[in-house]
Amino acid sequence: MSVPTRKILIVMSAASVWERTDGSAYPTGYWAEELAAPHEKFIEAGYTVDFASPGGVLQPLDQHSADPELAGADCARHVAHAEKALREFGPLLKLNEVRVDGYAAVVLPGGHGPVVDLYQDADLGRLLTAADAAGKLVGAVCHGPAALLSAVDAEGKWLFAGREMAAFTDEEEQLFGTAEGAPWLLASRLREMGAVHSSGPAYQQFNVSDRNLYTGQNPASSTRMAEDMIAALG
């Protein structure tokens, strides 16, 4: 009898800038809660967590996620946890060198970075395709579901078309002040590609699961996504 895999892979964006349609550069990075909350839950449940990104680049913190007015009163704890976890892990794994074998799940946190690089990263696409084929769990929260768009075959067919999912909504993008000038809006793009997208109230926890896919709408959905995945892993 094989021993269940007790490792989780968190794939981060490598982007620090989101180029806008007017040519301006919007600073971005990982959103602390979306990385810290799942990491904390997986570690508590006895999993080892690895971090990977394109080129092994360590993405900076999105400073908005350290602002209590935007990210909530608990944001300092999330920032501290995320920074400690990344520091202790050391150099990130290079995404093109990572194989899904040995991992129970792949997790895709947000920040705006995934709409800059991960959505079209061929290495990630191959990893997600292999993960799905092997029945591994895939989790994505907030802008993380943009990374799912990378999983297309040679004919351009999207692996996750027809799947139910949540993601940062167009309304939330507008409320955050980043909809105008965005090259594209995540929820709209997911629907255009064939996702069955659903949503709850803006900035409130809302999660969706469809077979091995676990998604959350926004930072407040990060903990629940991890909890649901841990329950499914058993």
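Small disclaimer: the values here were computed from a predicted structure and weren't measured.

S.K.: Would you mind showing me how to read the pairing of strand β1 (residues 7–11) here?
M.R.: Side-chain direction in a regular strand flips from residue to residue, so the side chains alternate between the two faces of the sheet. With four of its five residues buried, β1 lies for the most part within the structure. Of the strand pairs in this sheet, β1 and strand β4 (residues 48–53) are connected by five bridges, and their pairing is parallel. By the bridge assignment, K7 is partnered in β4 with T48. Of the strand pairs in this sheet, β1 and strand β6 (residues 105–108) are connected by three bridges, and their pairing is parallel. Each residue of the ladder has a partner; that of L9, found in β6, is V106.

S.K.: How do you make sense of unusual backbone geometry when you look at a structure like this?
M.R.: Across the chain, the bulk of peptide bonds are trans and the bulk of non-glycine residues have phi less than zero. Although it is not a glycine, Y203 sits at a positive phi angle of roughly 65 degrees. Here Y203 lies in the loop between β9 (196–197) and β10 (207–210). According to the relative accessible area criterion, Y203 is partly exposed, its value standing at 33%. Here R211, not a glycine, exhibits a phi torsion of approximately 55 degrees, which is positive. Look at R211 and you get exposed, because its relative accessible area is 62%.

S.K.: Explain the pattern of salt bridges to me, please; I cannot follow it from the model alone.
M.R.: Where charged atoms from two side chains of opposite charge approach closely, those side chains can pair. Taken as a whole and judged by the stated rule, the model has 12 salt bridges. Among the salt bridges present, the one from K84 reaches E88, with a minimum N-O distance of 2.8 Å. In this pair, K84 and E88 both sit in helix α3 (residues 75–89), four residues apart, roughly one turn of the helix. E88 sits in the exposed class, given a relative accessible area of 58%. Across the pair D132 and R163 runs a salt bridge, and its minimum N-O distance is 3.7 Å. In this pair, D132 is assigned in helix α4 (residues 122–133) and R163 in the loop between β7 (137–141) and β8 (164–165), connecting sequence segments 31 residues apart. For D132, a relative accessible area of 19% corresponds to the buried category. Salt bridges sharing common partners tie together E40, D74 and R77.

S.K.: Would you mind showing me how to read the pairing of β6 here?
M.R.: Burial along β6 is two-sided: the residues A105 and V107 and V106 and L108 are all buried. For the segment spanning β6, α4 and β7, crossover handedness is right-handed.

S.K.: Whenever I open this one, the side chain of N207 confuses me. Can you help?
M.R.: Following the sequence through the fold, N207 ends up in strand β10. According to the relative accessible area criterion, N207 is buried, its value standing at 18%. Among the polar contacts made by the side chain of N207, one reaches the side chain of Q205 at a distance of 2.7 Å. Side-chain polar atoms of N207 contact the backbone oxygen of S221, separated by 3.0 Å.

S.K.: Sorry if this is basic, but what is going on with the packing of aromatic side chains here?
M.R.: Two numbers describe a pair of aromatic rings. These are the distance of the centres and the angle of the planes. A complete count under the given rule lists seven aromatic pairs for this structure. Between W31 and F176 the ring centres are 6.1 Å apart and the planes differ by 70 degrees, which places this aromatic pair in the edge-to-face class. Remark: F176 occurs in helix α5 (residues 170–176) and W31 occurs in the loop between β3 (25–27) and α1 (32–44); sequence separation between them is 145 residues. We classify W31 as buried; its relative accessible area is 9%. Stacked on the ring of W18, the Lys or Arg R20 has its end atom at 4.3 Å from the ring centre. In this arrangement the basic side chain of R20 is found over the ring face of Y26, its NZ or CZ atom lying 5.8 Å from the centre.

Rules and cut-offs
- Residues numbered from 1 in each chain as written.
- Predicted model: local features only at pLDDT ≥ 70, side-chain atom pairs only at ≥ 80, totals over all residues.
- Heavy atoms only, no water.
- Buried < 20%, exposed > 50% of the residue type's maximum accessible area, 1.4 Å probe, protein only.
- Helix = DSSP H or I, 4+ residues; strand = E, 2+ residues; numbered from the N terminus.
- Pairing = 2+ DSSP bridges.
- Salt bridge = Lys/Arg side-chain N within 4 Å of Asp/Glu carboxyl O.
- Right-handed = clockwise from strand over helix to strand, strands pointing away.
- Polar contact = N/O pair within 3.5 Å; in protein donor to acceptor, adjacent residues only side chain to side chain.
- Phe/Tyr/Trp six-rings, centres within 6.5 Å; stacked < 30°, edge-to-face > 60°.
- Lys NZ or Arg CZ within 6 Å of the ring centre and 35° of its normal.

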